[in-house]
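Tertiary structure, described
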Amino acid sequence: MYRIGVDVGGTNTDCALLSLTQQDLTSPSRGVCCSTKTPTTPDITSGITAAISTVLNKSEISHSQLLSINIGTTHFVNAVVEADSRRLSKVAVVRLCGPSTRHVPPFSDYPIHLRSIVDGGTWYLDGGLEIDGREIFPLDEDQIKTTVKEVRKRGISKIALVGVFSPLDHDGIHEEKCKNLMCQIAEEEGWQLDVVCSRDIGGLGLLERENATILNAAILDVARRTVASFKRAMQKLDLKCPLYLTQNDGTLCSADEAAKLPIKTFASGPTNSMTGAAFLAGLDKPRVVDDSASANQILVVDIGGTTTDICVLLPSGFPRQAPNFVEVGGVRTAFSMPDVLSVGLGGGSLVTVGENGEVNVGPGSVGHYLTTKALVFGGNVMTSTDIVVAGGQEEIGDKKAVAKISDDVVKGARKSIKRILQNAVEDMKVSSAPVTVLLVGGGSIVYMDTLDGVADCIIPPHHDSANAVGAAIAKVAGEVDIIEILDGADEAAIVKTASDAAIEEAIAKGADPSDVKLVEIEKFPLQYVSNKATRIKVKAVGKLLAPTGGSVNPLLNEPEVNGNCKVEDTEEGEKFPSIESSRTLTKPSLDVDVTTYQPDVRSGIWYISEVDLEFICCGTGIMGTGGGGPSYLAYLVALDALRKGGKCSMKVISPKSLTDNGLVCFGSWYGAPSVSGERIPNGTEIPAAIDALNQILGVTDFQGLLADEIGGGNGLATFPQSVHYDRPTVDGDLMGRAYPSMEHGTPYVYGHPITPCAMADAKGNVSIVMKSESNARLEKMLRATCIELGLNTSIVGRPLPGSAIKEYVIPNTISQSWYLGRAINLARRTKTSFISAIFNVMPGKLLFEGKVIDVRRDVSKGGYTVGRCLIAPLADDEADSKPSKHLLTTPTSSGEKYNLVIPFQNEYLSASRISASYTPHSTSSNEFQQEGEIIATVPDLISILGEDGEAIGSQELRYGLKVKVIGMPAHPLWTADARGLKVGGPEYFRLGVEWKAVGGLEYKGVRSVIEEFGKA
């Protein structure tokens, strides 16, 4: 039996016929009977037809011997990467949120040009849920009807419908109901309306889910045309076997499903190339890791006609997975997919010469018009293929047609191509070790010059059709999505039952039982007040079982090809790409030389720039120790405030510059991280609380603002208020990290009052506590109110005089965050260890390196995100590098393998080594010190970092993430006095142990940006 894999790229269509017998699969050709490459035709259909016909004619096999046609395509993602206005529709974004979420509007982090194409306006409607299932507001049918009419007036036919906490809306009471009403209204008025619900696209994390929903809606039309063309091709060839499309994770979905959710196929082209390349090169099987320092890292470089995709191939033979958030065309989304970097370089890339003679290559491309528009094919457009021929590297087309291209242009173009590839390879390298490039793709001819740091370049057999081979070997998946009551139940047994069901479903779809593996286990708490109802999602994947005795695998959900279906072959017009297609306003550091950049400090005032905010955002994530709210969302808010306020509108001063009597106001976000990334604030909450409190106290002016905690998003919370009130932020905070409660502010620990304090929400509710018998009682009162208001409010404590701030502030923590962010940025650019970069800024130890294998998360009755994370060491074939010199060693750190357990209450509380054979039964931290060895506890800082050095919050932990856990000493205000340890140490969180300095390290004072860069 055979399977055909097809990859439809922007320039070429590749096709490969794969024999599924074990003998053929283990042969040097890896079962590839034949392959072909044909130009992608404007109508798509004829190109696929020609490709499949070619391999069928070459092989002379019967149609009845085909098990399926598996198609992967970059057609959809190319439209986004190129910001192609011909293939993208304008999208109206409708949020079901009530007064919430306005602090970060839709399209906030979209690339400039892409936003100009797809932004069809935003509507905020009543609706949305709290984390416990309560409605923020019920749906308002009149609002919905008005919105649909307004959308139609704008000539828009695509809506991205995004409800707060919609992934937990299993009954469809908001998004689904709203969608049905919208479509009903449109149908009654006689026009076609497409509504994409965000709950069908992604999980929790409103902005990332919304971004992906917008992209899905924008490409619906092209998805339908493309899938219809695929079916048309099968009709012309009289093929009756199932038609599948490959998804981001390398698994298969029906063609009809792909037409509805095309975004799930976005990375299928790169995924197929990577898995196909590894398969063809014999690297799909685990290989032994070379312990030498010079062990090469393998990068798959797939050069197509329009784009080049680069991915790191792990020793296991699988592509390295991306961290929590993945950028597609410069848009931040949350998908599980390989960590692939796409750049605008391919065989059809445009070559242009500027007024000053500078030569540029890409990102625009002639795409599938290469064989008619390129000079060597008689066209009048200079492409990278023409440069290859003009330089004498290949014999393609009419060489005479490129004879007029000057040597200077050829040299300039080659230099530009090398620069693009060199930068891309540098961006994807995981260490400074030499690189082995696995070169595949039909456009690989543009790889003409050896890149620095590349020791070897391997071109496997059928390299130009690796993507088609990857599609042919695509795996099948089994998924289980259930809701279970965990209160009083055996959670481990329930998860195992779900896991077994997912494995059984994958096998039923045709997966090889010996190859099926669990790749995803996710748990979402639905309630926190009673029975712990939890949504459990489990995914298992495995390769298709090679048939025995001529039997056919019982693949499910086979899409039938309708013989009577009439699909018109439509051609696409010419592309009009923009050089600004990938430019974004969220990464200002890309526009500066970080090695020489200096902040603007004058007369003791630090004038914050956009680059400064980017660095500080990264640093506050590390200082957040898992909590403090999402730094990225707070960063977007601060960026917007700085741009609206103008240069020099956002200021920072040293605590030393405060007068003793000058008042300092506070302002931060309060609630649970599980909520803050989903029910985004309105933006009025902090000013409302400050104004209400100051009115009661009779405060008419104040000298500055100070963050309650530097960690996470709260470390950036005072920056927008600095612009709003035209008052500077003080370089410091009250914690030197993040803590889960107000009473953890250092002035309060040492006797200063919190009350009166104020709390406000997005609906305009303001609560003021005038007095409480103790800080602990106050915290319970605030928590109760916060839970009632939806677990995401502002909180503002009593203003304090400068004398108190100077005595009890943790100084220079904004500077510390800036230095941390800059260090990590430089480490990424130089491909050096970000762990070493962090510890050059502040002392610390690497506590563990491994992979998250289990996360238990809930929202407590106190409103905290509570739970624990279990991390296992990496297998030998998963490790990217040798153990770090910063790794903490103890008498138990050698010999038996151990896991790491990290319990959290918003923030990470401790880190315990525990036997790899031990299975925890609860989220109680007491269980772990009884069974293992605690190596770090609060008040010391414990942070979990992803592979890119970015901090991972407790709300972002998920199965399969590769992480590094670091520990750093706390400020002496927490550790040198019994009062600090009582409130901020193990005793407060009932860990049952005494605090010991992590790694025996001492806290060291932090440099001040104002002092280092101050100008006379």
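Residues numbered from 1 in each chain as written. Predicted model: local features only at pLDDT ≥ 70, side-chain atom pairs only at ≥ 80, totals over all residues. Heavy atoms only, no water.

With that settled, consider the overall build of the protein chain. In terms of helices and strands, the protein chain carries 29 helices and 42 strands. Excluding contacts between residues fewer than 6 apart, the proportion of contacts in the protein chain whose partners are at least 24 apart in sequence is 75%. On the protein chain, roughly 37700 Å² of surface is accessible, and the fraction owed to carbon and sulfur atoms is 49%. (Helix = DSSP H or I, 4+ residues; strand = E, 2+ residues; numbered from the N terminus. Contact = heavy atoms within 4.5 Å. Areas by Shrake-Rupley, 256 points an atom, 1.4 Å probe, with all protein chains shown as cover.)

Look at helix H2 (residues 45–59) against helix H8 (residues 220–236): their axes get within 8 Å of each other, and the N-to-C directions meet at 45°. The angle between H2 and H8 falls in the class oblique. Every pair of crossing elements has a handedness; the one defined by H2 and H8 is right-handed. The residues of H8 that touch H2, namely those facing Thr-45, Ile-48 and Thr-49, are Ser-229, Phe-230, Arg-232, Ala-233 and Lys-236. (Axes fitted to C-alpha atoms, helices over the stretch in contact; angles between N-to-C directions. Parallel < 35°, antiparallel > 145°, perpendicular 65-115°, else oblique. Left-handed = near helix turned anticlockwise from the far one by under 90°.)

This part takes up the pairing of strand E26 (residues 663–666). Across 2 bridges, E26 lies against strand E33 (residues 800–801) in antiparallel orientation. The residue of E33 that forms the bridge with Leu-663 is Pro-801. Where E26 meets strand E28 (residues 704–707), 3 bridges bridge the pair, whose relative direction is parallel. Opposite Phe-666, over in E28, you have Leu-706 as the bridge partner. (Pairing = 2+ DSSP bridges.)

What follows covers the environment of Thr-246. In this fold, Thr-246 is placed in strand E9 (residues 243–246). Relative accessible area serves as the criterion here: at 1%, Thr-246 is assigned to the buried category. Counting along the chain gives 227 residues from Thr-246 to Ile-473, while the straight-line C-alpha distance between them is 10.0 Å. With residues up to four places along the chain from it excluded, the contact list for Thr-246 reads Ile-71, Gly-72, Thr-251, Leu-252, Thr-265, Ser-268, Asn-272, Ala-471 and Ala-474. (Buried < 20%, exposed > 50% of the residue type's maximum accessible area, 1.4 Å probe, protein only.)

Now for a nonpolar patch on the surface. Nonpolar side chains collect at one region of the surface, where Ile-696, Leu-697 and Met-770 lie side by side and expose about 260 Å² of accessible area between them. Secondary-structure assignment places Leu-697 in helix H19 (residues 685–697). (Patch = residues over 30% accessible without salt bridge, like charges linked within 9 Å, V, L, I, M, F, W, Y side chains within 5 Å. Salt bridge = Lys/Arg side-chain N within 4 Å of Asp/Glu carboxyl O.)

Turning our eyes to something else, we now look at the packing of helix H24 (residues 813–830) against helix H25 (residues 834–841). Packing of H24 against H25 brings their axes to within 9 Å, and their N-to-C directions diverge by 150°. The angle between H24 and H25 places the two elements in the roughly antiparallel class. When you trace H24 past H25, the crossing you get is right-handed. Between H24 and H25, the contacting residues are Gln-816, Tyr-819, Leu-820, Ala-823, Ile-824 and Ala-827 on the first element and Phe-834, Ala-837, Ile-838 and Val-841 on the second. Considering only residue class, the contact of H24 with H25 consists of 9 nonpolar, 1 polar and no charged. (Nonpolar A, V, L, I, M, F, W, Y, C, P; charged D, E, K, R; others polar.)

In terms of nonpolar packing, the biggest core is built from 102 residues, with Trp-606, Leu-613, Phe-719 and Ile-838 touching the most fellow members. In this structure, Leu-299, Leu-375, Val-376 and Ile-420 belong to the second largest nonpolar core, which totals 40 residues. (Core = buried A, V, L, I, M, F, W, Y, C linked by side-chain atoms within 4.5 Å.)

Within the secondary structure, Gly-984 is located in helix H28 (residues 978–984). Residues Gly-984 and Ala-970, spaced 14 residues apart in sequence, show a C-alpha to C-alpha distance of 10.0 Å. For Gly-984, the contacting residues outside a window of four places in its chain are Tyr-739, His-744, Val-938, Pro-939, Trp-974 and Phe-989.

Read across the open sheet, the 5 strands follow the order E15-E12-E11-E18-E19; overall the sheet is mixed. The open sheet has two edge strands, strand E15 (340–343) and strand E19 (454–458), and neither has a second partner. Neighbour-to-neighbour, the strand axes of this sheet turn through a mean angle of 25°, independent of strand direction. With 4 bridges connecting them, strand E18 (residues 435–440) and E19 associate as parallel partners. Residue Thr-436 lies in a different strand from E19, and its bridge partner there is Asp-456. Across the face of the sheet, helix H10 (residues 268–280) comes into contact with strand E11 (297–303), strand E12 (308–313), E15 and E18 while running at roughly 50° to E12.

For H24, which comprises 18 residues, the first-to-last C-alpha distance of 25 Å matches the rise-based estimate of 26 Å (1.5 Å per residue) to within 8%. Counting buried positions along H24 gives 14 out of 18 residues, so the element sits mostly inside the fold. Positive phi appears at Lys-831, one or two residues downstream of H24, with a value of about 60°. (Expected span 1.5 Å × (residues − 1).)

Read from one edge to the other, the open sheet built from 6 strands follows the order E3-E2-E1-E4-E9-E10, with strand pairing classed as mixed. Since the sheet does not close on itself, it has two edges, and those belong to strand E3 (32–39) and strand E10 (252–254), each with one partner. Strand after strand, the sheet turns through a mean of 25° between neighbouring axes, direction not considered. Relative to E10, E9 runs antiparallel, the two being bridged by 3 bridges. Bridge pairing links Leu-245 to Cys-253 in E10. In this fold H2 packs onto strand E1 (2–8), strand E2 (12–19), E3 and strand E4 (66–73), with an angle of close to 150° to the strand it touches most, E3. Across the sheet, H10 touches E1, E2, E3, E4 and E9, and the angle it forms with E4 is around 120°.

Turning next to the pattern of salt bridges. Applying the stated criterion across every chain, the model contains 38 salt bridges. When the shortest N-O distance is used, the salt bridge between Asp-221 and Lys-158 registers 3.1 Å. One end of the pair, Asp-221, is in helix H8; the other, Lys-158, is in strand E7 (residues 158–163), and 63 residues separate them in sequence. Linking Arg-209 and Glu-678 is a salt bridge whose minimum nitrogen-to-oxygen distance equals 2.6 Å. With Arg-209 in helix H7 (residues 206–218) and Glu-678 in the loop between helix H18 (673–676) and H19, this residue pair connects regions lying 469 residues apart in the sequence. The exposure class of Glu-678 is buried, given its relative accessible area of 0%.

What follows concerns the packing of aromatic side chains. Applying the stated criterion across every chain yields a total of 14 aromatic pairs. A centroid spacing of 5.2 Å and a plane angle of 15° characterise the contact between Tyr-750 and Tyr-808, whose relative ring orientation is stacked. Within this pair, whereas Tyr-750 is found in the loop between helix H21 (746–749) and strand E30 (757–760), its partner Tyr-808 is found in helix H23 (residues 802–808), the two being separated by 58 residues in sequence. Their ring planes at 50° and their centres at 5.6 Å tell us that Phe-848 and Tyr-898 sit as a pair that is tilted. Separated by 50 residues along the polypeptide, Phe-848 in strand E35 (residues 845–859) and Tyr-898 in strand E37 (residues 898–905) bring together distant segments of the chain. Exposure class is identical for Phe-848 and Tyr-898. Each is buried. (Phe/Tyr/Trp six-rings, centres within 6.5 Å; stacked < 30°, edge-to-face > 60°.)

Bringing the confidence of the model for the protein chain into the picture now. Per-chain confidence: the protein chain averages 85 in pLDDT, with 87% of residues scoring 70 or above. Under a pLDDT of 50 for its full length, residues 287–294 has, in the predicted model, 12 contacts with residues more than four places off or in other chains. Within the model, pLDDT remains below 50 along residues 572–581, and this stretch shows 29 contacts once partners closer than five positions in the same chain are excluded. (pLDDT = per-residue confidence, 0-100.)

The next point concerns the pairing of E12. Burial runs high along E12: 6 of the 6 residues are buried. A two-sided burial pattern is seen for E12, the buried positions comprising Thr-308, Ile-310 and Val-312 on one face and Asp-309, Cys-311 and Leu-313 on the other. Here 6 bridges tie E11 to E12, and the two strands are oriented antiparallel to one another. Note that in E12 the partner of Val-301 across the bridge is Ile-310.

Here we come to the side chain of Asp-612. Structurally, Asp-612 is set in helix H16 (residues 610–623). Among buried Asp, Glu, Lys and Arg side chains, Asp-612 stands out as unpaired, with Arg-822 the closest opposite charge at 9.0 Å. Other than its neighbours up to four places away in sequence, Asp-612 contacts Tyr-597, Pro-599, Trp-606, Tyr-607 and Trp-818. (Lys, Arg positive; Asp, Glu negative; His and termini not counted.)

This part is about unusual backbone geometry. A cis amide bond links Gly-362 with the next residue in sequence, Pro-363, at an omega value of 0°. Here Pro-363 shows up in strand E17 (residues 359–365). A cis amide bond links Val-938 to the next residue, Pro-939, at an omega of 10°. Tracing the sequence through the fold places Pro-939 in the loop between strand E40 (933–937) and strand E41 (941–945). Unusually for a residue other than glycine, Ala-83 sits at a positive phi of about 50°.

Take the environment of Gln-816 next. For Gln-816, the position within the fold is in helix H24. Sequence separation of Gln-816 and Gly-736 is 80 residues, and the distance between their C-alpha atoms is 9.7 Å. For Gln-816, the residues in contact, after removing those within four places along its chain, are Met-623, Val-841, Met-842 and Val-1006.

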